[in-house]
Amino acid sequence: MMQRGLKAVTATALTVGLTAIAACSSGGSEVQESQDPASATGTLRVVVPNFPANNVGQAVFQGIVDIFHKTYPQMKVEPDFVPYDNLNEKISTSLAAGNNYDVVSAGIGWVQPLADLGAIQSLTKLGVSTEDLEKSVYPAFVAPMKYQDELYAVPVVANPRLLAYSKSAFAEAGLDPANPPQSLAELREDAKKLTKRDAKGQITRTGFDFWAPASNYRQQFVAFLGAKGGEMFTADGQPAFNGDQGVEALQLIHDMVSVDKSSRYGYQNSAKTALVTTGEAAIGFASPYVDCSTGGDGIGDKCKDLVYFNLKDTKEVMYVGGRVAAVGEGTKYPQAALAFVKAMQDQKSQEAISKLDVGVPISNDAGDSAFVKSNPAGSFAWKNLDKAIFEYGGATFLDFRAKFGPSLDEVILGRKSPQDVLKELDSVARK
Amino acid sequence: MTTQTLERPAGGGVDRLPARRRRGGVERAKARAGWLLLSPALVHSVIFVALPGLMAVYLSLTNARVAGRGKWIGLGNYVELFGDAQFRDAVLRTLLYTVAVVPVAMALSLAVAIALNQKIPGRALFRTLFYVPVVTSTVAVASVWLWIYNPAAGLGNQVLSFFGMARSGWLTDPDVALPALMVVGVWQGLGAKMIIYLAALQSISKDLIEAATLDGASRWQAFRHVTWPGIAPVHFFVLVTSIAGSFQVFDLIYVTTGGGPAHATNVLTFDIFTNAFERLHIGYASAETVIMLVFVGILIGLGRLSVRNREGS
């Protein structure tokens, strides 16, 4: 344990050592990118978060590689599958070693910080126009891809967090299954009524499931903030969450978890699936991909019991995250990397990634696809992408994000007031 | 001042100089062999400990977000750290973890070592069982404890329910999470300390214990005045390695709580990791690392001082 601990402690310093090693290793063969993609050779290093390293993840990635190979048949592709939690570690160590990735896939919030850090390069300079992107994807997804008026990434799939409820649970609790809660106050009251407990008072069915592990209530807060009419950051990247709407949204999460106890803090089932989808909760956040088949991971007839809805407190919103793809700064193969980014944007890739990583395709014409139509959650999500509210915000977002979740916990668990925490977070975001 | 005669002594003196030379040659050969054997470890220490250590000191004086990309800011990071409440809390939490885990683990491991030094049936099996957590990956250990601490179906709450007590949030309750991880820390470190104490106990001459017993000493007196002083040097070794180990607790927290809930388990190493690889402030994280090294150095120095004082008295 001590030796592993020592590694953790000196990891920060070791990354510097890599810089020196890189000086020796980067002087290898300088392969110029061929003008002709058909004869271009080399190895493209791609980092992709949330792709499982099992056969399913490998197959989805191979599908993207196959599309890429139609244009660049002789280029090799070397993937690096990482969880989102380790993405920064991978990128920062590769930058320190002078061996940056050629293609970087990340979340929406990463675009501006990575552009500011010099980890990804301007796609505008590589000939990708904002106008073309606006024509091909939902317009709301274009602004998060830009940094200092240039395009640095393209969206691949959207990862919304939907709200869903069980019709049967509503009927059982004497609530109208045709009328989901509209405001945050109604949501709180319904969740109280829908919570089932045993004789000892232990929850046997959660009233409202936030579908969040401990220290990760960020997206849920953003969703509630948006429903109250607020937003995380203004268009010019200034924090806007520290106001009455933010306080009310955060107070509500605290009330539901620590006062009403209609929701269990940080609780997840062993598969980490949304509790409302499995019938373990009456209302809750859910994935935009639901398998309605009866075999495998499918939930079968439970699909018919689920209804998807948006809160319409002050404003109708749906929280949306998403996966993007970008070209790494300093790549020797910018055109090949761009071709790989486009392969990730291919309709087939979007659908495969959506299934793998609880997402929904982001193309303008995806709504007509069999994939979206066959999946009630995806269909609802796609139709509501125009109500998207995002979490991203400026070049310092990763700095802010690291403190955001744990700080919200302090309110949710009753250690601090929403006002104090939002004020602290506001000062972090303004640094 | 003594005077030395330069005269060669009579008889046998002729052979003395070559013998001295031979001895010198042997000593030099031994020294060369020593350096040769030491060199792999030395090279490793220079490349992976000394060099990164020096670079960490340098980085701590820059505003680098990624290694190799920063500007010199002098003591700016240190000044900022002393006003950083999260860093201060992380230091206090680490000290608390150390103060709680190290003495308890040392006392328990000594007790277990004494018990397993007796002729009891199944002694070898027990020694192996106590040592198993040491050779098991912390990730595996943490995964097992995650199940034990599972609020819904974990063994921990089953035990509480059996005794009619209310369920605990264990790792989701900010008041309980750190103590819950201290228990894991004590349990996991028990085996390594136990083996060291066991070796020390076995090195104490049985004759001394017998002599004390014949002189009328009780078992406690024999332990207090014979065994305890006999294992004193080992206490220092166990103390130093335990302090260093507890300051470096990282993987357990990374796997189980991620520093939460509400920062309740955000110890210094985890804070360093967060600043370096989540916030991408490697200069700031390096400053924290340097401060941590100073802390560990001071604690080890104090331990060494107390041993010297004891030996002196």
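Residues numbered from 1 in each chain as written. Chains lettered and ligands numbered in written order. Predicted model: local features only at pLDDT ≥ 70, side-chain atom pairs only at ≥ 80, totals over all residues. Heavy atoms only, no water.

- Going by the annotation in an unreviewed UniProt entry, the name recorded for chain B is Sugar ABC transporter permease, with Kribbella capetownensis given as the source organism.
- If you open the UniProt record of chain B and go to Sequence similarities (unreviewed entry), you find "Belongs to the binding-protein-dependent transport system permease family."
- Reading the Subcellular location (unreviewed entry) entry of the UniProt record for chain B gives the comment "Cell membrane". (UniProt positions renumbered as here; feature names shortened; annotations may be inferred.)

**Details of the packing of helix 3 (residues 84-96) of chain A against helix 12 (residues 268-278) of chain B**
Between two packed helices, what matters for the description is the angle formed by their axes and the separation of those axes.
Part 1 of the argument: Running from N to C, helix 3 of chain A and helix 12 of chain B cross one another at 65 degrees; their axes reach a closest spacing of 8 Å. For the pair formed by helix 3 of chain A and helix 12 of chain B, the contact residues are N88(A), E89(A), S92(A) and T93(A) on the first element and F273(B), F277(B) and E278(B) on the second.
Part 2 of the argument: Class assignment for the residues of the contact of helix 3 of chain A with helix 12 of chain B results in two nonpolar, three polar and two charged. (Axes fitted to C-alpha atoms, helices over the stretch in contact; angles between N-to-C directions. Helix = DSSP H or I, 4+ residues; strand = E, 2+ residues; numbered from the N terminus. Contact = heavy atoms within 4.5 Å. Nonpolar A, V, L, I, M, F, W, Y, C, P; charged D, E, K, R; others polar.)

**Let's talk about the interface of chain B and chain A**
Part 1 of the argument: Each partner contributes to the interface: chain B provides 47 residues, whereas chain A provides 42 residues.
Part 2 of the argument: Carbon and sulfur atoms supply 62% of the area buried between chain B and chain A, which totals about 4,000 Å² over both sides.
Part 3 of the argument: Among the residues chain B hides against chain A, the three largest losses belong to Q248(B), F277(B) and R279(B). Together they make up 16% of the total.
Part 4 of the argument: Put simply, chain B and chain A have three salt bridges between them. (Buried area = accessible area lost by both parts, 1.4 Å probe. Salt bridge = Lys/Arg side-chain N within 4 Å of Asp/Glu carboxyl O.)

**Considerations on the packing of helix 3 (residues 85-116) of chain B against helix 7 (residues 177-203) of chain B**
All names here are of chain B.
Part 1 of the argument: Running from amino to carboxyl end, helix 3 crosses helix 7 at an angle of 40 degrees, the nearest separation of the two axes being 6 Å. Considering the angle they form, helix 3 stands oblique to helix 7. Crossing of helix 3 over helix 7 shows right-handed handedness.
Part 2 of the argument: Of the residues contributing to the contact of helix 3 with helix 7, the split by class is 22 nonpolar, two polar and two charged. (Parallel < 35°, antiparallel > 145°, perpendicular 65-115°, else oblique. Left-handed = near helix turned anticlockwise from the far one by under 90°.)

**With respect to the domain arrangement of chain A**
Residues and elements named next belong to chain A.
Part 1 of the argument: Examined at the domain level, chain A breaks down into domain 1 (39-159 + 321-389) and domain 2 (160-319 + 394-429).
Part 2 of the argument: Between domain 1 and domain 2, the C-alpha centre-to-centre distance is 27 Å.
Part 3 of the argument: Buried surface at the junction of domain 1 and domain 2, summed over both partners, amounts to about 2,200 Å²; 69% is from carbon and sulfur atoms.
Part 4 of the argument: Per-residue buried area on domain 1 facing domain 2 is highest for F380, K387 and I389; these three make up 29% of the total on that side.
Part 5 of the argument: On the surface where domain 1 and domain 2 come into contact, there are zero salt bridges.
Part 6 of the argument: In this structure, the connection of domain 1 to domain 2 is made through seven residue pairs in polar contact (both at pLDDT 80 or more).
Part 7 of the argument: The set of elements that each furnish at least two residues to the side of domain 1 that touches domain 2 consists of helix 4 (111-117), strand 6 (154-166), helix 13 (347-356), helix 15 (376-383) and strand 13 (388-389).
Part 8 of the argument: Of the residues forming the side of domain 1 that touches domain 2, the biggest block, five residues, is contributed by helix 15. (Domains from an automatic or database assignment. Polar contact = N/O pair within 3.5 Å; in protein donor to acceptor, adjacent residues only side chain to side chain.)

**A closer look at the UniProt feature "transmembrane region" (unreviewed entry) in chain B**
Residues and elements named next belong to chain B.
Part 1 of the argument: In the numbering used here, UniProt assigns the feature "transmembrane region" (unreviewed entry) to residues 33-59, 95-116, 128-148, 176-200, 228-250 and 282-303.
Part 2 of the argument: In the segment residues 95-116, helix accounts for 100% and strand for 0%; the C-alpha atoms at its two ends are 31 Å apart.
Part 3 of the argument: In this annotation, residues 282-303 is assigned 100% helix and 0% strand; the end-to-end C-alpha distance for the span is 31 Å.

**Notes on the state of the cysteines**
Here is the idea: a disulfide is a covalent bond, and it sits between the sulfur atoms of two cysteines.
All names here are of chain A.
Part 1 of the argument: Evaluation of the coordinates by the stated rule reveals one disulfide over all chains.
Part 2 of the argument: Across a sulfur-sulfur distance of 1.8 Å, C292 and C303 are joined as a disulfide pair. Measuring handedness by torsion sign, the sulfur bridge of C292 and C303 sits at about -80 degrees and is left-handed. With C292 in the loop between strand 9 (281-286) and helix 11 (302-305) and C303 in helix 11, this residue pair connects regions lying eleven residues apart in the sequence.
Part 3 of the argument: Residue classification places C303 among the buried positions, given a relative accessible area of 12%. (Disulfide = S-S within 2.5 Å. Buried < 20%, exposed > 50% of the residue type's maximum accessible area, 1.4 Å probe, protein only.)

**Side note on the pattern of salt bridges**
Opposite charge on two side chains permits pairing when their charged atoms draw close.
Residues and elements named next belong to chain A.
Part 1 of the argument: Considering all chains together, one arrives at 20 salt bridges over all chains under this definition.
Part 2 of the argument: Close ionic contact of E78 with R45 constitutes a salt bridge, the shortest N to O distance being 3.8 Å. In this pair, E78 sits in strand 2 (residues 75-82) while R45 sits in strand 1 (residues 42-49), placing the two residues 33 residues apart along the sequence.
Part 3 of the argument: Judged by relative accessible area, which is 43%, E78 ranks as partly exposed.
Part 4 of the argument: Notably, a salt bridge pairs K387 with D386, separated by 3.7 Å at the nearest N-O pair.
Part 5 of the argument: Accessibility expressed as a relative area gives 51% for D386, which makes it exposed.
Part 6 of the argument: One connected set of salt bridges, linked through shared partners, spans E172, K196 and R205.

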